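Structural overview
Okay, here's what each chain looks like letter by letter:
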Amino acid sequence: MAIARIYNEGIEERIATFETRPRTPGEIQAWFDGTHPLVVVEEEGAVISFANTSSYSTRRCYSGVAEFSVYAAREARGRGAGTLAMKALMEAAEEAGLWKLVSRVFVENGPSRKLLLSLGFREIGIHEKHARLDGIWRDVVIVERLIEANL
Ligand SMILES: CC(C)(COP(=O)(O)OP(=O)(O)OC[C@H]1O[C@@H](n2cnc3c(N)ncnc32)[C@H](O)[C@@H]1OP(=O)(O)O)[C@@H](O)C(=O)NCCC(=O)NCCS
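So, here is what we can say about the structure in this document.

This part covers the pairing of strand E5 (residues 122–133). In the sheet, E5 pairs with strand E6 (residues 136–146) via 8 bridges, with the strands oriented antiparallel. Bridge pairing links Leu133 to Ile136 in E6.

Structure representation (structure tokens):
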């Protein structure tokens, strides 16, 4: 499945996520849970980028807040696919009634930070030494964007 391949590229590069274990298509299938919006961008029939949401908290008061991530296939980066995926995800999130998208981005992840700032995300602050990746403590920037229509 294309989403698994693209996600695994990001895992391998060690710039996008603390995850280090490649995912199987079956594991990605579980993301299609009917609750959390997931969008893909296709080019000539092939998926080149995706953006997805996942649970932020089990607390009912936070039901309208979702975590998100965005990935573009290595060969397709820098041509707007990630931006397109995020725009589609924001629309899907609005339709799903969500009022906020949040994420954490490695401070070194320039492309991701630039993309998110260009789409109106705010950088809230930095979690210092939030977790270890390959044994090394890493800092992450907290980002968020309100979805005005659902406030
Ligand atoms: C982050 C990512 C999704 C961006 O997707 P993309 O399709 O390459 O991004 P776009 O082409 O839409 O570009 C978005 C902005 O980022 C900038 N950008 C893209 N690649 C860049 C790079 N390598 N260096 C600097 N800026 C870059 C673009 O210039 C663009 O800004 P602009 O509109 O002002 O020109 C992609 O680089 C990726 O998949 N990275 C690995 C996974 C990852 O880090 N995901 C984020 C974790 S939440």
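Don't stop here, the text continues.
This part is about unusual backbone geometry. Excluding glycine, a negative phi dihedral is what most residues carry, and trans is how most peptide bonds are arranged. One non-glycine residue, Glu44, lies in positive phi territory at about 50°. Inspection of the secondary structure puts Glu44 in the loop between strand E1 (38–43) and strand E2 (46–55). Relative accessible area serves as the criterion here: at 83%, Glu44 is assigned to the exposed category. In this structure, Asp134 takes a positive phi of about 50° despite not being glycine. For Asp134, the location among the structural elements is in the loop between E5 and E6.

All right, on to the packing of aromatic side chains then. Inspection of every chain in the model, using the stated rule, returns 7 aromatic pairs. Arranged with centres 5.9 Å apart and planes meeting at 50°, the rings of Trp31 and Phe50 form a pair that is tilted. With Trp31 in the loop between helix H2 (25–29) and E1 and Phe50 in strand E2, this pair connects stretches of sequence that are 19 residues apart. For Phe50, a relative accessible area of 0% corresponds to the buried category. Chaining the aromatic ring pairs together yields one cluster made of Tyr7, Trp31, Phe50 and Tyr71. Of note, Arg138 hangs over the ring of Phe106, and the distance from its end group to the ring centre comes to 4.2 Å.

The next thing to look at is the layout of surface pockets. Space inside the largest pocket adds up to approximately 1,000 Å³. In terms of lining residues, the largest pocket is bounded by 37 residues, among which Ala16, Thr17, Ser69, Val70 and Tyr71 are the most central. Put simply, the parts of the chain that give the lining of the largest pocket at least two residues each are helix H1 (2–13), E2, strand E3 (65–72), helix H3 (81–95), strand E4 (100–106) and helix H4 (110–118). Along the lines of polarity and charge, the residues of the lining of the largest pocket split into 17 nonpolar, 12 polar and 8 charged.

Another point: the site of the ligand. As a structural note, the neighbourhood of the ligand is formed by 16 residues, with Ala72, Gly80, Gly82, Thr83 and Asn109 the closest of them. Separating an oxygen atom of the ligand from a backbone N or O atom of Gly78 is a distance of 2.7 Å. Take Thr83: an N or O atom from its side chain is 2.5 Å from an oxygen atom of the ligand. Against a free-state accessible area of 920 Å², the protein chains account for coverage of 73% of the ligand. Split by residue class, the shell around the ligand holds 7 nonpolar, 6 polar and 3 charged.

This brings us to the pattern of salt bridges. As enumerated under the stated definition, the model contains 13 salt bridges in all. The closest approach of N and O atoms between Glu19 and Arg23, which form a salt bridge, is 2.8 Å. The class for Arg23 is buried, based on a relative accessible area of 16%. Salt bridges here are not isolated pairs; linked through shared partners, they connect Glu12, Glu13, Arg74 and Arg77.

Mapped onto the fold, Glu67 is located in strand E3. On the basis of relative accessibility, which here comes to 14%, the residue Glu67 falls in the buried class. When residues no more than four places from it in sequence are discounted, the contact partners of Glu67 are Asn52, Thr53, Ser54, Ser55, Tyr56, Val102, Ser103 and Arg104.

Conventions used here
- Residues numbered from 1 in each chain as written.
- Predicted model: local features only at pLDDT ≥ 70, side-chain atom pairs only at ≥ 80, totals over all residues.
- Heavy atoms only, no water.
- Pairing = 2+ DSSP bridges.
- Helix = DSSP H or I, 4+ residues; strand = E, 2+ residues; numbered from the N terminus.
- Buried < 20%, exposed > 50% of the residue type's maximum accessible area, 1.4 Å probe, protein only.
- Phe/Tyr/Trp six-rings, centres within 6.5 Å; stacked < 30°, edge-to-face > 60°.
- Lys NZ or Arg CZ within 6 Å of the ring centre and 35° of its normal.
- 1 Å grid on protein atoms, 1.4 Å probe; cavity = no way out; pocket = protein on both sides within 12 Å on 5 of 7 lines; lining within 4 Å.
- Points joined across faces, edges and corners; volume = space filled by probe spheres on them.
- Nonpolar A, V, L, I, M, F, W, Y, C, P; charged D, E, K, R; others polar.
- Near = heavy atom within 4 Å.
- Polar contact = N/O pair within 3.5 Å; in protein donor to acceptor, adjacent residues only side chain to side chain.
- Areas by Shrake-Rupley, 256 points an atom, 1.4 Å probe, with all protein chains shown as cover.
- Salt bridge = Lys/Arg side-chain N within 4 Å of Asp/Glu carboxyl O.
- Contact = heavy atoms within 4.5 Å.

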